[in-house]
Structures are given as structure tokens and as C-alpha cells.
Amino acid sequence: MQKASTGPSGDRPSSSDLLCFSHLRWDFVTQRPQHLLSRFARERRVFYWEEPVYDTGEAWLDVSPRADGLTVVIPHLPWRDPEANDAAQRVLLDAFMDEQGIGAHVAWFYTPMALGFAGHLSPLATVYDCMDELSAFLYAPPELLEREAELLRRADLVFTGGPSLYEAKHGRHPSVHLFPSSIDTAHFGRARGLKDADPADQAGIAHPRIGFFGVLDERFDPELVRDIAAARPEWQLVLIGPVVKIDEDALPKAENIHYLGGKSYGELPEYLAGWDVAALFFAINESTRFISPTKTPEYLAAGRPVVSSPIVDVERTWARDAMVRIAADADAWVRAIESLLEMDGAEREAWLERVDRALARSSWDQTYHEMRALLDGAAEGREWDASADGVEQESGLAAAAGD
Ligand SMILES: O=c1ccn([C@@H]2O[C@H](COP(=O)(O)OP(=O)(O)O[C@H]3O[C@@H]([C@H](O)CO)[C@H](O)[C@H]3O)[C@@H](O)[C@H]2O)c(=O)[nH]1
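Just so it is clear, the structure is predicted and the values come from calculations on it, not from any experiment.

Turning our eyes to something else, we now look at the pattern of salt bridges. A complete count under the given rule lists 25 salt bridges for this structure. For Arg-192, the salt bridge identified is with Asp-356, shortest N-O distance 2.7 Å. Within this pair, whereas Arg-192 is found in helix H6 (residues 185-193), its partner Asp-356 is found in helix H13 (residues 345-359), the two being separated by 164 residues in sequence. Judged by relative accessible area, which is 33%, Asp-356 ranks as partly exposed. Taken together, the shared-partner salt bridges connect Glu-43, Arg-44, Arg-372 and Asp-376 into one network.

Below is the structure:
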């Protein structure tokens, strides 16, 4: 049975609330969810539900409203077992939705694990924005693949963060769309005009500087960094970003390796402006097979020459026209960096022209508009049934299939 919406935000897809379930913390590094959901939050209420923090005491929700209508929700739970944790989160979620008057809504998943406590919802439309092959990451929960299969059955739309993910998912769902990492060109382009703006913790580091920013985790290649630093002690390797999941003590240490810690998104152009070459120091292993690093267009928008390990999506997207140089081992890295350091003015200008032409084809604004149009299309004609608690809205796909 279908009923008219009783939700406070109305039942139109362009204005219905958006409930996002994510494995990433909003206040961690600025990633795809922040770029996209902050844009959705300009037109509708967005609730960003993070993974729980496990502590002692009663289960409770840390609810923090942010700018532009976005609200970050962090469940705090005493650890029991996965099933009991899901049950506790479900109670918190239902109470929260009641309290906020969330009626017609879109469910937007970054992690399929959230189905364990949000699978009973009856959204107008379900989106799976698959930004990484999470099952290939360190400490992936064993149920992840099963939950992903379930999410693929339920989703109306599947978005993928790069070509490799698109190829991996497109045969598994009728509506998979490729939305590669996008770019805020104006933000990172600022780096091109910054002179003498070196932040205090970078100012004392000599040139040439080879810089990296990003999360230092199992995707990062510590041996590669150690070998390059040893091969060229006169080069300075600058590493920006938080260390997670890996042992900090196992990171290479040398006089010419500088760990500056995590920086805010707003600060990154100042750091980039002071680098001679930007690096994608990635290991080639199962955790990096499907990645499509957002930092690649960011480095390029800042006008920094880039060297990368042979990441499939970087090679196919950015190695053509030599926009990014690919190097498979430390010797090749040293040669690639040397040749970029020696680039003359004319070569650099021609390279920047190619880069700018490629970057002009992408922006987070455009990605958001395209996603929103698909979302509106998926939810069109559906009405939210306030009484359908625990029952999914009739899916356009299922209806079309005559189920
Ligand atoms: O101190 C810092 C460092 C970085 N940032 C910003 O965070 C962005 C993400 O960094 P990282 O997690 O290292 O991600 P990466 O670019 O390697 O690749 C991820 O992006 C996807 C992509 O979203 C596909 O959908 C890819 O597959 C992921 O693994 C970085 O771009 C910086 O802007 C920061 O704010 N502070």
C-alpha cells in the first residue's frame, strides 16, 4: 500500500531527508562523503551516521549539527557482540528518526555493514556510493561481502569511485554509474599563486621537496619511501596525514623524511605550494587494487608534477599524455623524480596545458548535480508510506521486473 508523505520535509526526492551511513568519520580527513554530502545539505537535511564509538555505560548518540543543515551522529555503545551492537544501534536509529521527524528519506550507504541496523528502513531510494573495495582493506569485517551483496540487491543506484570499481560492480546491478574522484580546482589551484607562504612546520625543510598527503595506512609503501630517501639524501621527503591501522614505529625514519601529521583540507594548498614534486607512495597490494586516489587531481590542480606507483586507475586515467609519471620501483622513482625536477619552462607549460584540459572535465559540483539527477529519477513517482515501518518501499526495479 502506498500513502502520501507525512514527513516534515515533504515527499519530493529533491527535498527529502538524506540519511548517510558511513565508515569514515566526518572530522577525519576531507574525503568524498564530505565533498558530496555538504552539497546535498544545501538543499535538504542530511544526517551523517558514523560507525559507533565503543565505550562503557549506556548507549547514547552524540548529535552535532554542522553548517548548512548537515548533522553528524556518532553512536556510543558498550561493546557486546556484533549482533547485539546492531540491535542497540537500531534502537538508537529508530528513536533518533522519531525525534527528528524524519519521514520520507533517501538512504545513502558508504558501508554495507550498516545494513545490520538500518536494513529495516523504508527509504524512498537507496544509494550505494562505493568509494573503495572495503573488503580488501585491513581489518575488514568477515560479513562485509555478504552485506554488500544484500546492499546491491536493495540499492536503486550504485555509484563507483573509479573505473576499477565500476568494472567490478557493473555486472552485479542494473544501475551502476562511474563517478571518479572529482576536484575543487579553485581550492587547490590557489597553490599555483602562493609565493613564500610556507607553513611554519615546512618552512625549515630544504629543497628539493618530494611531498605526499593522505592517510598513512596499509596502502602506503614505507619501504619505497625508505629506499628513495636513502638513494637521494639531498632530497627531502615530506609526509602529511594521520597514521591509522599500521604501526607508527614501522614507518621509515631518516634525516630527510619529515612527518608533519594531519592537516585540514583548507591548509593543504599552502603545503603543496612548497613542494617540487608530489608523490603517490602507494604499495601495490590487494588494498590498492581498486583505489582511485582523490589526491591525484588535487596535486595536479596545484600545478605539482606527480609520480605514482603503478595503481591501475592512476595509470589508465592520468598516465596518458604523461600527466602523471608511473614508477614501479625505487630506481624508477628516482629517475622519474629527477626528470621532473629538470623539466624546463616550455615543457612545464605544455604539461600544465594538458593537465588543465583534463581537470576542466571534472568538479565536485558537477558530480553532485549528476548524482542528484539520478537520485531524483530513481525516487520519482514513489511516495513514502509512513506505516511501512520495516518494509522497503516498492522499488522501481522490482516493480519494473513485475515482482
Ligand atoms: O592531512 C590530510 C591528508 C589528506 N587530506 C585529504 O583527504 C583526502 C583523502 O586522502 P586519502 O584517504 O589518503 O585518500 P586517497 O586520495 O588516497 O584515495 C581515496 O579516495 C578514494 C576515492 O574517494 C574514490 O572514491 C580512493 O579510492 C580512496 O582510497 C585527500 O584527497 C586530501 O584532500 C586531508 O584533508 N588532510
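At a minimum axis distance of 10 Å, the contact between helix H1 (residues 32-40) and helix H14 (residues 364-379) shows a crossing angle of 65 degrees. Along this stretch, H1 crosses H14, giving a crossing that reads as right-handed. Along its contact with H1, which presents Arg-32, His-35, Leu-36, Arg-39 and Phe-40, the element H14 presents Trp-364, Asp-365, Thr-367, Tyr-368, Met-371, Arg-372 and Leu-375. Of the residues belonging to the contact of H1 with H14, the class tally is 6 nonpolar, 2 polar and 4 charged.

What surrounds the ligand is a group of 25 residues, the closest being Asp-132, Arg-219, Lys-263, Lys-295 and Glu-298. Note that an oxygen atom of the ligand is positioned 3.0 Å from one of the backbone N or O atoms of Ser-292. Relative to its unbound accessible surface of 730 Å², the ligand loses 98% to contact with the protein.

The next point concerns the packing of helix H8 (residues 222-231) against helix H12 (residues 330-341). Between H8 and H12, the least distance of the axes is 9 Å, while the angle of their chain directions is 55 degrees. Classified by the angle between their axes, H8 and H12 sit oblique to one another. When the axes of H8 and H12 are compared, the crossing they make is right-handed. Contacts between H8 and H12 involve Leu-224, Asp-227, Ile-228 and Ala-231 on the former and, on the latter, Ala-330, Trp-333, Val-334 and Ile-337. Tallied by class, residues from the contact of H8 with H12 come to 7 nonpolar, no polar and 1 charged.

All right, on to the environment of Pro-222 then. Among the structural elements, Pro-222 can be located in helix H8. Residue class for Pro-222 comes out buried when judged on its relative accessible area of 19%. Taking C-alpha positions, Pro-222 is 37 Å from Leu-19, a pair spaced 203 residues apart along the chain. With residues up to four places along the chain from it excluded, the contact list for Pro-222 reads Ala-250 and Pro-252.

Mapping Glu-83 onto the fold places it in helix H2 (residues 82-100). Residue classification places Glu-83 among the exposed residues on the basis of a relative accessible area of 67%. For the pair Glu-83 and Gly-116, spaced 33 residues apart in sequence, the C-alpha to C-alpha distance is 7.9 Å.

Tallying each qualifying case throughout the model produces 21 aromatic pairs. For the ring pair Trp-26 and Tyr-48, a centre distance of 4.8 Å and an interplane angle of 65 degrees mean the geometry is edge-to-face. Separated by 22 residues along the polypeptide, Trp-26 in the loop between strand E1 (17-21) and H1 and Tyr-48 in strand E2 (residues 46-49) bring together distant segments of the chain. Here the aromatic rings of Phe-188 and Phe-213 are separated by 6.3 Å at their centres, their planes lie at 25 degrees, and the arrangement is stacked. With a gap of 25 residues between them, Phe-188 in helix H6 and Phe-213 in strand E10 (residues 209-213) connect regions that are remote in the sequence. As far as the burial class goes, Phe-188 and Phe-213 line up, both buried. Aromatic rings pair up to connect Phe-21, Phe-47, Trp-49, Phe-96, Phe-109 and Phe-117 into one cluster. We note Arg-232 situated over the ring of Trp-235; from NZ or CZ to the ring centre the distance is 5.8 Å. Across from the ring centre of Phe-290, 4.9 Å away, lies the NZ or CZ of Arg-289, which sits over that ring.

Our next topic: the nonpolar core. Counting residues in hydrophobic clusters, the biggest one holds 63 residues, and the most contacted among them are Ile-228, Trp-275, Phe-281, Tyr-299 and Trp-333. The element best represented in this core is H12, accounting for 7 residues. Lining this core are residues from two domains, each supplying at least three of them: domain 1 (9-182 + 363-401) and domain 2 (185-359). One finds Cys-20, Leu-24, Phe-159 and Trp-384 within the second-largest nonpolar core, a separate group that totals 31 residues.

Moving on to H2. Taking 1.5 Å of rise per residue, the 19 residues of H2 would be expected to cover 27 Å, and the 26 Å separating its terminal C-alpha atoms lies within 8% of that figure. Among the residues of H2, those classed as buried are Ala-84, Asn-85, Asp-86, Ala-88, Gln-89, Leu-92, Leu-93, Phe-96 and Met-97. Positive phi appears at Gly-101, one or two residues downstream of H2, with a value of about 65 degrees.

Residues His-207 and Pro-208 are joined by a peptide bond in cis, for which omega reads -5 degrees. Residue position: Pro-208 is located in the loop between helix H7 (200-203) and E10. Even without glycine at this site, Lys-245 takes up a positive phi of about 65 degrees. Of note, Lys-245 is situated in the loop between strand E11 (236-240) and strand E12 (257-261). In this structure, Asp-321 is a non-glycine residue whose phi angle is positive, near 60 degrees. Mapping Asp-321 onto the fold places it in the loop between helix H11 (312-318) and strand E15 (324-326).

So, how was this worked out
Residues numbered from 1 in each chain as written. Predicted model: local features only at pLDDT ≥ 70, side-chain atom pairs only at ≥ 80, totals over all residues. Heavy atoms only, no water. Salt bridge = Lys/Arg side-chain N within 4 Å of Asp/Glu carboxyl O. Helix = DSSP H or I, 4+ residues; strand = E, 2+ residues; numbered from the N terminus. Buried < 20%, exposed > 50% of the residue type's maximum accessible area, 1.4 Å probe, protein only. Axes fitted to C-alpha atoms, helices over the stretch in contact; angles between N-to-C directions. Left-handed = near helix turned anticlockwise from the far one by under 90°. Contact = heavy atoms within 4.5 Å. Nonpolar A, V, L, I, M, F, W, Y, C, P; charged D, E, K, R; others polar. Near = heavy atom within 4 Å. Polar contact = N/O pair within 3.5 Å; in protein donor to acceptor, adjacent residues only side chain to side chain. Areas by Shrake-Rupley, 256 points an atom, 1.4 Å probe, with all protein chains shown as cover. Parallel < 35°, antiparallel > 145°, perpendicular 65-115°, else oblique. Phe/Tyr/Trp six-rings, centres within 6.5 Å; stacked < 30°, edge-to-face > 60°. Lys NZ or Arg CZ within 6 Å of the ring centre and 35° of its normal. Core = buried A, V, L, I, M, F, W, Y, C linked by side-chain atoms within 4.5 Å. Domains from an automatic or database assignment. Expected span 1.5 Å × (residues − 1).

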